[in-house]
Every structure is written in C-alpha cells, then in structure tokens.
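So the chains spell out like this:
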Amino acid sequence: METTCYGKKRHPFVNFLRYLGMGLAGVAAVAGFGFLFGYFVMLLWNWLMPAIFGLGLISFWQSVGLVVLGRILFGGFPRPGHRPHDKPWKHHKKCGPQRDDLKKWRYYGQYWKEEGEASFQDYVNKKESTTPETPNA
C-alpha cells in the first residue's frame, strides 16, 4: 500500500481508480478543447479567408485537420519525458524537507516580536546614518 504524506495508507485499487479517472478526465478535456478550437478555427476561416483571399468555406473536420497540420508543421509534438514549460519553482513536494521547512514558519510571529523588530530598527538606523540624505525634487 502507498503511504501518503499524512501517514494514511491508500489501497492500490483506490490508486488505480484515481489514476484511471484522472486519465479519462484528461482525455475528455483534450478532446473537448480540440473540438472547441476546431470550431473557432472554422468560424474564423469562414469569416476572414473568403473575404480577404477569395478562398472557399471549410467544414468543421477540415478546420480540425488544419489545426493538426499547423501543429505538425509549426509546433511539433512533445517528446516523451520532455516538458519544456515546466518551471523550476513549480517542482515542490508536499512531503519531505520542504514540508518540514513550512512547520518552522509557526515561530515567525514570535521571533518578530522578540528579536526581529529590534534588529530591523538597528538595520534601518545603520542605513540612515551611512546614506546621505538627498532633497526631494
């Protein structure tokens, strides 16, 4: 059984159902966005292209084909294991050292009251005494 961050154990069949549901939802979302995008391409083509270039009207499936063709020619398809849009700051975990670091923040208010405020005032006084004052223009 898989252990979660909170120490609860999850049955493997529950994990299977969870991942199956996420996979089906993902496939449905991709198909839905594909149909929606194809529909908007068809509307834009039929509105602009005949008037501007004298081209004929296209059907929904022709617009979906244009979207796929444009993706192949200009966008390519992602390689397995390669995710170019990942941001390094988005790779966080709910477990491990990062979670332990979050627990330390409960002491922040107490630290600020006891030591932080005085340290901050000392820092400001030090900076003000070394920085020459400039008149406002």
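Not measured: the values here are computed from a predicted model.

On a plain count of helices and strands, the protein chain comes out with 4 helices and 2 strands. The linear arrangement of helices and strands in the protein chain, starting from the amino end, is β-β-α-α-α-α. Counting only contacts in the protein chain whose residues sit at least 6 apart along the sequence, the fraction spanning at least 24 positions is 24%. On the protein chain, roughly 12,500 Å² of surface is accessible, and the fraction owed to carbon and sulfur atoms is 65%.

Right, let's talk about the packing of aromatic side chains for a bit. Within the structure shown, the criterion is met by 5 aromatic pairs. When the ring of Phe60 is compared with that of Trp61, the centres are 5.0 Å apart and the planes differ by 75°; the resulting orientation is edge-to-face. Members of the aromatic cluster, each reached through a chain of ring pairs, are Phe35, Phe60 and Trp61.

This part takes up the side chain of Ser63. Considering the arrangement of structural elements, one finds Ser63 in helix H2 (residues 60-75). Judged by its relative accessible area of 0%, Ser63 is buried. A distance of 2.7 Å separates a polar side-chain atom of Ser63 from the backbone oxygen of Gly38. Dropping the residues within four chain positions of it, Ser63 is found in contact with Gly38, Val41, Met42 and Ile58.

With that settled, consider helix H1 (residues 12-53). Each turn of an α-helix holds 3.6 residues, which means side chains three or four residues apart point in the same direction. With 42 residues, H1 should cover 62 Å at 1.5 Å per step; its first-to-last C-alpha distance of 58 Å lies within 8% of that length. The axis of H1 is deflected most strongly, by about 30°, at Trp45. Residues of H1 that are buried: Asn15, Gly38 and Met42. Remark: Gly54 follows H1 within two positions and exhibits a positive phi of approximately 75°.

Residues Leu102, Trp105, Tyr108, Tyr111, Trp112, Phe120 and Tyr123 make up a contiguous nonpolar surface patch of about 830 Å² in total accessible area. Ranked by residue count, the leading element in the nonpolar patch is helix H4 (residues 108-130), at 5 residues. Position of Tyr123 relative to the elements: it lies in helix H4.

Rules behind the numbers
Just so you know, the residues in each chain are numbered from 1, in the order the chain's sequence is written. Local features in this predicted model are restricted to residues whose pLDDT is 70 or higher, and side-chain atom pairs enter the listing and the counts only when it is 80 or higher, whereas totals over whole chains, interfaces and linings include all residues. For side-chain calculations, the full set of non-hydrogen atoms in the structure is used, while hydrogens and water are omitted. Runs of E in the DSSP output that reach at least two residues are strands. Runs of H or I that reach at least four are helices, and both are numbered from the N terminus. Here a residue-residue contact requires only that any non-hydrogen atoms of the pair lie within 4.5 Å. Note that accessible areas follow from Shrake-Rupley with a 1.4 Å probe, and for residues the cover is restricted to the protein chains shown. Stacked, tilted and edge-to-face are the three classes assigned to paired rings of Phe, Tyr and Trp, where Trp is represented by its six-membered ring and a pair needs centres within 6.5 Å; plane angles under 30 degrees give stacked, over 60 edge-to-face, the rest tilted. Buried means the residue's accessible area, taken with a 1.4 Å probe over protein chains only, is under 20% of the maximum for its type, while exposed means over 50%, and partly exposed covers the values in between. In protein, a polar contact means a hydrogen-donor-capable atom and an acceptor-capable atom, both N or O and within 3.5 Å, with residues adjacent in sequence counting only if both atoms are side-chain atoms; elsewhere, any N or O pair within 3.5 Å suffices. Multiplying 1.5 Å by the residue count of a helix minus one yields the expected span of that helix. We define the bend at any residue as the angle between the axes fitted to the seven residues before and including it, ending there, and the seven starting there. Exposure above 30% relative accessible area and no salt bridge define the residues that can form patches, which grow by joining like charges within 9 Å and nonpolar side chains of Val, Leu, Ile, Met, Phe, Trp and Tyr within 5 Å. Within this document, salt bridges are pairs made up of a side-chain nitrogen of Lys or Arg and a carboxyl oxygen of Asp or Glu, the two lying within 4 Å of each other.

Read these as spatial facts, not as claims about activity.
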